[in-house]
Amino acid sequence: MAEEKKEGQSQKKNMKIKLHKPEHFNQVYAIGAMGGHSPYDFRICFYNDTPRGVSNDNEQVIERNLESEVILSPLAALELSRWLDQHIREYEAAFGPISRKSAQNTSTKKPVDDDSSHLQGYI
């Protein structure tokens, strides 16, 4: 029995994607991200922080090492957002809610800043 294609419906086609990992493939672990967007693209720069002690004026010094930048089209950024949302839901279903509290915040009982990701403008 043949199926009729209704207007507005698309037919799914089988597709095989062959993954290739080149020699210059680079895997990066990051503790945070920053970036922004323009009318043309979204930019996300992943970083790691390293404590460097205390300055002369008693401020803690952190060295922020930029590891990698990813530039996405608006459509790719939207798809990444949906992909992350889905995987976060699956993670939390398996392991429980992800907490934004750090070891430092639990001892001081300070509220966690809602904008702790520091995503702002181009680098």
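It should be noted that the structure appears before, not after, this text.
Residues numbered from 1 in each chain as written. Predicted model: local features only at pLDDT ≥ 70, side-chain atom pairs only at ≥ 80, totals over all residues. Heavy atoms only, no water.

Overall, the coordinates contain 4 salt bridges when judged by the stated rule. Of the charged contacts, one joins glutamate 63 and arginine 52 as a salt bridge, the two residues approaching to 3.3 Å between their closest N and O atoms. Placement of the pair is glutamate 63 in strand 3 (residues 60–72) and arginine 52 in strand 2 (residues 42–54), with a sequence separation of 11 residues. (Salt bridge = Lys/Arg side-chain N within 4 Å of Asp/Glu carboxyl O. Helix = DSSP H or I, 4+ residues; strand = E, 2+ residues; numbered from the N terminus.)

Here 11 bridges tie strand 2 to strand 3, and the two strands are oriented antiparallel to one another. Opposite threonine 50, over in strand 3, you have glutamate 63 as the bridge partner. Hairpin connection, strand 2 to strand 3: the antiparallel pair is bridged by 5 residues, and asparagine 58 has positive phi, about 65°. (Pairing = 2+ DSSP bridges.)

With that settled, the discussion passes to the sheet that holds strand 2. What links the strands of a sheet is backbone hydrogen bonding, and the strands pair in either a parallel or an antiparallel sense. Spatially, 1-2-3 is the arrangement adopted by the 3 strands of the open sheet, whose pairing is antiparallel. On the outer flanks of this sheet lie strand 1 (32–37) and strand 3, each paired with one strand and no other. Across the sheet, the mean angle separating the axes of adjacent strands is 30° when strand polarity is ignored. Pairing geometry for strand 1 and strand 2, over 6 bridges, is antiparallel. Looking at the pairing, glycine 36 lines up with arginine 43 of strand 2. Contacting strand 2 and strand 3, helix 1 (residues 74–95) runs over the sheet at an angle of about 115° to strand 3. (Axes fitted to C-alpha atoms, helices over the stretch in contact; angles between N-to-C directions. Contact = heavy atoms within 4.5 Å.)

Everything listed here is a matter of coordinates, which is why it stays silent on function.
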